[in-house]
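Report on the structure
Chain residues, written in single-letter form:
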Amino acid sequence: MAAHKGYFGEFGGQFLPEILHATITGLEQVFETAKHDPGFWKEYETLMQNYSCRPTPLTFAENLTKYFNGAQIWVKREDLNHTGSHKLNNVMGQGLLVKRMKKTRVIAETGAGQHGVATATMAAKFGFECTIYMGEVDVLRQRPNVFWMERLGATVVPVKTGSRILKDAINEALRDWVGNMDTTHYVLGTACGAHPFPEMVTWFQSIVGIETKKQILEATGKLPDRVYACVGGGSNAMGIFSGFLKDTAVECVGIEAGGRGIATGEHATRLASPDASIGVSQGYKTFFLQDDDGQMKETHSVAAGLDYVGVSPILSHLKETGRVRFESATDAEVITALSLAVKKEGLIPALESSHAFAGAFREVSQMAPEQIIIINQSGRGDKDIFTIADALHDPKWRDYIKDKAGEYNAS
Ligand SMILES: *Cc1c(COP(=O)(O)O)cnc(C)c1O
């Protein structure tokens with residue numbers, strides 16, 4: 001790890017209001033203790049086995065392998081977690097730390113809503129009070145997720161300041177934390193933010209990489225040649241890469257959201273485009289998509305979970321050292337890759353995860369049959385039915401939505 005606490009090369013750090021010092025130090029301490037307590041990891045593993053299908057399978061994609069006629073394609077099935085993605089690994093881990101800190105309330109901010117649902121689920125399971133901050137615009141866009149958060153007992157607060165999206169929700173969540181830090185833990189959703197969050201979230205997600213390495217060795221007797229993961233904040237990528245970073249023969253490839261194409265400026269590609277620059281925001285130092293005055297730019301992706309201006313400081317460092325290669329995939333490539341995975345293999349990857357599939361599909365034909373690649377299917381695509389049906393211009397879906405709306409108008 002970094003020589004300087006919480007730094008990875010020049011990235012990371014802990015840029016927080018002074019008033020949070022005692023709280024964040026408390027969190028660092030409970031995390032350090034847990035890390036050195038084998039009993040804690042065992043408790044975490046057992047919880048995830050009983051509550052969330054761990055270990056998730058590593059599936060050989062035989063049909064896709066035949067179709068591309070290149071390397072063998074294996075898929076790590078994080079879609080089979082409870083609530084449908086790797087996000088539960090992180091929130092359940094933090095939930096165990098909240099218990100150790102004897103706090104009773106959790107807060108989180110969410111854009112697409114998936115992290116909000118995962119956090120509200122964890123809070124229901126552990127009996128914590130839960131408040132979720134969400135930009136007002138996102139509340140309107142993500143009704144199904146808001147519906148579930150509320151059923152799970154969370155209070156969803158629509159944030160009406162600024163552009164009423166994720167960054168505004170982050171500010172509100174920080175304000176809440178400052179006001180209630182004695183009782184409240186801030187559950188960050190990805191491997192970003194102030195130290196110790198990037199390292200801590202990576203640690204919980206490393207369960208993915210630990211399992212994957214064991215599974216591929218058992219199944220094939222070999223390490224993979226390449227591992228692909230999509231990169232939003234970077235937590236599923238860090239999770240699976242963690243299993244292989246020390247094995248320098250394994251190439252790790254992170255796929256970012258290319259949106260409508262890098263040239264259009266409508267994307268969320270921080271590391272695989274020249275459009276981002278180094279800055280400090282939201283508690284940490286990393287590559288941000290920002291203008292010359294440090295104002296965050298608008299980003300776009302067909303996958304709401306990849307649509308973020310910053311990126312894990314650990315991944316920024318791994319880019320600079322050359323250990324991880326970064327590429328991007330456009331919305332159109334992602335829809336094509338998703339359709340192929342569904343048709344050929346019966347897998348339904350989330351739009352986020354489909355970026356990893358798109359990146360892998362682009363390269364796999366050029367590899368040899370004895371080579372092995374692993375794709376991290378970070379989540380399941382059921383949640384994306386609205387976006388996918390639109391993208392595929394499915395007329396029967398449109399009729400269905402119209403009929404539903406008609407029923408409400410009539411009643
Ligand atoms: C949230 C989400 C992501 C993006 O977050 P990371 O921290 O980059 O992993 C990726 N895949 C799915 C399915 C998600 O829900």
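Everything below is about the structure shown above.
Description of the structure in this document. (Residues numbered from 1 in each chain as written. Predicted model: local features only at pLDDT ≥ 70, side-chain atom pairs only at ≥ 80, totals over all residues. Heavy atoms only, no water.)

**A closer look at the environment of Asp168**
Selection criterion: A run of H or I in DSSP becomes a helix once it reaches four residues, and a run of E becomes a strand once it reaches two; helices and strands are each numbered from the N terminus. Exposure categories follow from relative accessible area, calculated using a 1.4 Å probe and restricted to protein chains: below 20% of the type maximum is buried, above 50% is exposed, and the middle band is partly exposed. Contact between two residues is taken to exist if any of their heavy atoms lie within 4.5 Å; hydrogens are not considered. By the criterion applied in these results, polar contacts are pairs of N or O atoms within 3.5 Å in which, for protein atoms, one can donate a hydrogen and the other can accept it, and in which residues neighboring in sequence qualify only through two side-chain atoms.
Position of Asp168 among the secondary structure elements: in helix H8 (residues 166–180). You can call Asp168 buried: its relative accessible area is 6%. A C-alpha to C-alpha distance of 33 Å links Asp168 and Tyr51, two positions 117 residues apart in sequence. Asp168 has contacts with Val159, Thr161, Gly162 and Ser163, leaving out every residue within four places of it along the chain. A distance of 2.8 Å separates a polar side-chain atom of Asp168 from the backbone nitrogen of Arg164.

**Focus on the pattern of salt bridges**
Our working definition: One speaks of a salt bridge when a side-chain nitrogen belonging to Lys or Arg is within 4 Å of a carboxyl oxygen belonging to Asp or Glu.
As enumerated under the stated definition, the model contains 30 salt bridges in all. With a closest N to O distance of 3.4 Å, Glu136 and Lys160 form a salt bridge. On the criterion of sequence distance, the pair formed by Glu136 in helix H6 (residues 136–141) and Lys160 in the loop between strand S7 (155–159) and H8 is long-range, its members being 24 residues apart. Across the salt bridge formed by Arg141 and Asp138, the nearest N and O atoms sit 2.6 Å from each other.

**Description of the nonpolar core**
General note: in soluble globular proteins, nonpolar side chains tend to be found buried as a group. So the rule is basically this: Residues belong to a common nonpolar core when they are buried Ala, Val, Leu, Ile, Met, Phe, Trp, Tyr or Cys residues joined through side-chain atoms within 4.5 Å. Domain start and stop points were drawn from an automatic or database domain assignment.
Ranked by internal contacts, the top residues of the largest apolar core, which has 79 residues, are Phe241 and Leu315. Per-domain counts for this core show at least three residues from each of domain 1 (7–49 + 85–197) and domain 2 (56–81 + 206–391). In contact with Leu315, not counting residues within four places along its chain, are Val231, Gly234, Ala237, Met238, Phe241, Leu271 and Phe326. Counting residues in hydrophobic clusters, the runner-up holds 34 residues, among them Phe68, Ile73, Ala337 and Phe361.

**As for the side chain of Thr56**
Along the polypeptide, Thr56 turns up in the loop between helix H2 (38–52) and strand S3 (58–60). A distance of 3.4 Å separates a polar atom in the side chain of Thr56 from a polar atom in the side chain of Arg54. Dropping the residues within four chain positions of it, Thr56 is found in contact with Lys76, Arg77, Glu78, Asn81, Glu211 and Gln215.

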